[in-house]
Amino acid sequence: MFTDHGVRRIDPYYWLRERENPEVLEYLTAENAYCEERLAGTLPLQNELYEEITGRIPETDQSVPYSYLGYLYSTRLESGLDYPIHVRQTEGGPEEVVLDVNDLADEHSYVEAIFRPSGLSPGQQLLAVPVDTTGRRIYTILLKDLESGTLLEERIRGATSNLAWANDGKTLFYARRDPVTLREHQIYRHVLGSDPAADELVYEEQDEAYTCWVFKTRSQGYLMIGSHQTVATEYRFLAADDPQGEFQLFLERQRNHEYHLDHAGDHFYVRTNLDAPDFRMVRTRREPSEPTTWEEIVPARPGVILEDVQHFQTFCALLERTEARSSIRLRTHESGSETMLTFDMSAYCLRIGDNFEFDAGVLRYELSSPVEPLSVFDFDFGSGASTLRKRDPVPGGFESSNYRCERVWAHARDGTRIPVSLAYRPSLDAGGEFPLQERPMLVYGYGSYGISVEPVFDAARLSLLDRGFVHAIVHVRGGGELGRAWYEGAKLLTKKNTFNDFIDATDYLVAQGYAHPNRISAVGRSAGGLLMGAVMNERPELFKAVVAGVPFVDVVTTMLDHRIPLTTGEYDEWGDPADKTFFDYMLSYSPYDNVAPVAHPHLLVTTALHDSQVQYWEPAKWVARLRATSNGTGEILLRTDLEAGHGGASGRYKRYRDTAMEYAFLLAHVCPPGSGTV
């Protein structure tokens, strides 16, 4: 029992958080067995879906090579192998395997090995590889001699995946986590050949609301330590040629000031929200800096969000968003001349791609949509032309023209317009025309941390579209699709707008004839799992079936416990329940605390024993309370991956087994045999 602010809360399932208790593991194992038993009837469908999905994934594939310090690097996938092979070659030279992740995976059921150019030493003789074999996001940094192909004896344990080399090629900076809270709070300096246990601590973030990380500027001129909290950032810099020097403060942290720092030529460039909620760009020659010394380069513009900037020697690429659609603006540093890259598509995802050469005259970017596979382009700044380098292949006879993508705007109860990205197949090969108003629909949402949900292509999703589904992404408030105000409009004491937007948009889509009202399903993960729990409590009859992945559902208890990973850094997202105002508001929507004796939709909940973001016991407790409270006949299932973390299975084939299971669950309840919908 808990008593806070005079409110008594009884939690009969609190014991499930005892990770080392054998009874907990027995409980989770029994739940897995029950889930498997209840889904046994869908096994033929699961196998069918798995074969379909993997049939659309090329068995062998290779990424478009990118140039980095004299080599062309790319990543290859080979038939039957779960993990990527990273290779390189000089122009016209033989291919060299830099890292085969399959070799690291031989002895582990889960493995994540991070290959980035930042892991390559300046002379490219060495590679630093962070490896996680539990899914807890605690890495061991391996050092590989690329000339001999052997791993060094030096192992840096208990690190994060974040690291940067100094220009001397023998000094490596890396971050560590607090072993209890998993907060990234320390930066260390390691010199090759020395004992990692004696590595020097060069920075420690004392404020529990902040995390810190280290990186090198694209110019290779500076090492940076960044500190980040939900509404503020701070940077320190050190010349990359002086690895034993002391980091200097660039600009002191200030609440509600987020800035992002890089370097090019004689200037530091700053993307800042000071006097510009949706960011502007400035530059300064001063180090350390003050805003009074800043020269404005790209001013703030109403309705335009400056999401990212990537600097090159002579120009920069600015990723902007207007009305939930992205564009890229290219700007020369000296003349200020500009070129815009825009796209006439209903809904799409645009990203700046792999650009690691600072002196390049070409920008790589990536474009996809819910019905168009990822395409990689190179834009030549001199000629002004874009060249298609690769369009992801989709085996199995896929044709984009068979599918339709739309962007519609729903209306929330307070009059706010909500963007929705839709994908569906206008007509089906089997059975001919299939009216939209008779179709099943899967609605997806997230809506937290100012993260924009991009309408990307997913080959697995075609298995639903080909069975008549309409897929809807509701870009609810709390995300970043419409700028800072969109994010601020659904956090802290306005968080319920996220849930209202999702419900109202779903109602709108049904009213507009996009789906049958009794064939609606929903899916959300992590903070999107909170969304699933909240809308289930508010409108349990709206959805026929729900999948909640690693759901954050025990909001009050988690936010009251500063020992749980991420809690202290989340106060500016959800509020600090030590304050009664925030406590009362959280309690009013926390899914675990608001389970009522009503008929709930069919529910599949997935979690992972080693999840570093949302602890496994939250979904486990939630399922137990739902089962004990619900007065309906809805299926309520829990599946725990006992070998993975927040991101799920690490192998590319195993994750499709998980997808097939989730799709089969939805199809079994939204389109049961004899319904005439598939």
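This text goes with the structure placed above it.
In this text, all values refer to a predicted model and were calculated from it rather than measured experimentally. (Residues numbered from 1 in each chain as written. Predicted model: local features only at pLDDT ≥ 70, side-chain atom pairs only at ≥ 80, totals over all residues. Heavy atoms only, no water.)

J.: Give me the pattern of salt bridges: which residues, what numbers.
T.: Enumeration according to the criterion identifies 50 salt bridges in this entry. The closest approach of N and O atoms between D266 and R285, which form a salt bridge, is 3.6 Å. Residue D266 is located in the loop between β19 (259-264) and β20 (267-272), and its partner R285 is located in the loop between β21 (280-284) and β22 (295-298); the two are separated by 19 residues in the primary sequence. Under the relative-accessibility criterion, R285 is labelled exposed at 55%. E488 serves as the salt-bridge partner of R484, at 3.0 Å between the closest nitrogen and oxygen. Pair noted here: R484 and E488 are both in helix α5 (residues 484-488), with a separation of four residues, about one helical turn. For R484, a relative accessible area of 15% corresponds to the buried category. Three or more residues joined by partner-sharing salt bridges are found here, namely E48, E52, R56, R425, D466 and R467. (Salt bridge = Lys/Arg side-chain N within 4 Å of Asp/Glu carboxyl O. Helix = DSSP H or I, 4+ residues; strand = E, 2+ residues; numbered from the N terminus. Buried < 20%, exposed > 50% of the residue type's maximum accessible area, 1.4 Å probe, protein only.)

J.: Could you give me a rundown of the sheet that holds strand β9 (residues 126-132), with the residues and numbers involved?
T.: Strand order in the open sheet formed by seven strands is β8-β9-β10-β11-β12-β13-β14, and the pairing between neighbours is antiparallel. The open sheet is flanked by β8 (112-113) and β14 (200-204), the only strands paired with a single partner. In this structure, strand β11 (residues 150-165) lies alongside strand β12 (residues 171-177), joined through four bridges in antiparallel fashion. For A164, the partnering residue across the bridge sits in β12 and is F173. (Pairing = 2+ DSSP bridges.)

J.: So what's going on with the packing of helix α6 (residues 496-511) against helix α7 (residues 527-538)? Residues and values would help.
T.: Between α6 and α7, the least distance of the axes is 9 Å, while the angle of their chain directions is 70°. With respect to α7, the axis of α6 lies roughly perpendicular. Regarding α6 and α7, the two cross each other, and that crossing is right-handed. Counted together, T498, F499, N500, F502 and I503 of α6 and L530, L531, M532, A534, V535 and E538 of α7 form the full contact between these two elements. Looking at the contact of α6 with α7 residue by residue, the classes come out as eight nonpolar, two polar and one charged. (Axes fitted to C-alpha atoms, helices over the stretch in contact; angles between N-to-C directions. Parallel < 35°, antiparallel > 145°, perpendicular 65-115°, else oblique. Left-handed = near helix turned anticlockwise from the far one by under 90°. Contact = heavy atoms within 4.5 Å. Nonpolar A, V, L, I, M, F, W, Y, C, P; charged D, E, K, R; others polar.)

J.: Outline the sheet that holds strand β24 (residues 315-322), supporting the account with residue identities and numerical values.
T.: If you trace the four strands from one edge of the open sheet to the other, you get β23-β24-β25-β26, paired in antiparallel fashion. Two strands close off the open sheet at either side, each with one partner strand: β23 (305-311) and β26 (338-341). Taken over all neighbouring pairs, the strand axes of this sheet differ in orientation by 20° on average, direction set aside. As paired elements, strand β25 (residues 325-332) and β26 share four bridges and run antiparallel to each other. When the bridges of β26 are listed, L330 appears paired with T339.

J.: Describe in detail the nonpolar core, supporting the description with residues and values.
T.: The biggest cluster of nonpolar side chains holds 66 residues, and the ones touching the most others in it are V420, F502, L603 and W622. At seven residues, the largest contribution of residues to this core is made by α7. The contact partners of W622, leaving out residues within four places of it in the chain, are G533, M536, A548, P551, V553, P591, Y592, V595, L603 and V605. Counting residues in each nonpolar core, the second largest holds 37 residues, with C35, I57, L604 and A664 among its members. (Core = buried A, V, L, I, M, F, W, Y, C linked by side-chain atoms within 4.5 Å.)

J.: Which residues make up the environment of R639, and what values go with them?
T.: Note that R639 resides in strand β40 (residues 636-641). Residue classification places R639 among the partly exposed positions, given a relative accessible area of 23%. Here the alpha-carbon distance between R639 and A608, two residues 31 residues apart in the chain, equals 8.3 Å. Leave out the neighbours within four places in its chain, and R639 touches N32, C35, V605, T606, T607, K654, D658 and M661. Among the polar contacts listed, one links the side chain of R639 to the side chain of D658, at a separation of 3.4 Å. (Polar contact = N/O pair within 3.5 Å; in protein donor to acceptor, adjacent residues only side chain to side chain.)

J.: I'd like a description of the side chain of R17, backed by residues and values.
T.: For R17, the location among the structural elements is in the loop between β2 (7-9) and α1 (22-38). With relative accessibility at 16%, the residue R17 sits in the buried group. Reaching out from R17, the side chain makes a polar contact with the side chain of D561 at a distance of 2.8 Å. Filtering out sequence-adjacent residues up to four positions away, R17 remains in contact with D561, R563, I564, Y616 and W617.

J.: Please provide a residue-by-residue account of the pairing of β12, values included.
T.: Where burial is concerned, most of β12 is hidden: seven out of the seven residues are buried. Hairpin connection of β11 to β12: five residues between the antiparallel strands, including G169 at a positive phi of 75°. As judged from the seven bridges shared by β12 and strand β13 (residues 184-191), these two strands associate in the antiparallel manner. Within the sheet, the bridge partner assigned to Y174 lies in β13 and is Y188. Where β12 hands over to β13, the hairpin turn is made up of six residues, of which L182 adopts a positive phi near 65°.

J.: Lay out the packing of aromatic side chains with the relevant residues and their values.
T.: To describe a pair of aromatic rings, one takes the distance between the centres and the angle between the planes. Counted by the stated rule, this structure contains 31 aromatic pairs. Here the aromatic rings of W213 and Y235 are separated by 5.8 Å at their centres, their planes lie at 80°, and the arrangement is edge-to-face. Remark: Y235 occurs in strand β17 (residues 232-239) and W213 occurs in strand β15 (residues 211-216); sequence separation between them is 22 residues. A relative accessible area of 3% means that Y235 is categorised as buried. Centre to centre, the rings of F343 and Y365 are 5.9 Å apart; their planes meet at 50°, and the pair counts as tilted. Linking F343 in the loop between β26 and β27 (349-352) with Y365 in strand β28 (residues 362-369), this pair joins segments that are 22 residues apart in sequence. Of the residues examined, F343 reaches a relative accessible area of 19% and is grouped as buried. (Phe/Tyr/Trp six-rings, centres within 6.5 Å; stacked < 30°, edge-to-face > 60°.)

So yeah, pure geometry; function would need other evidence.
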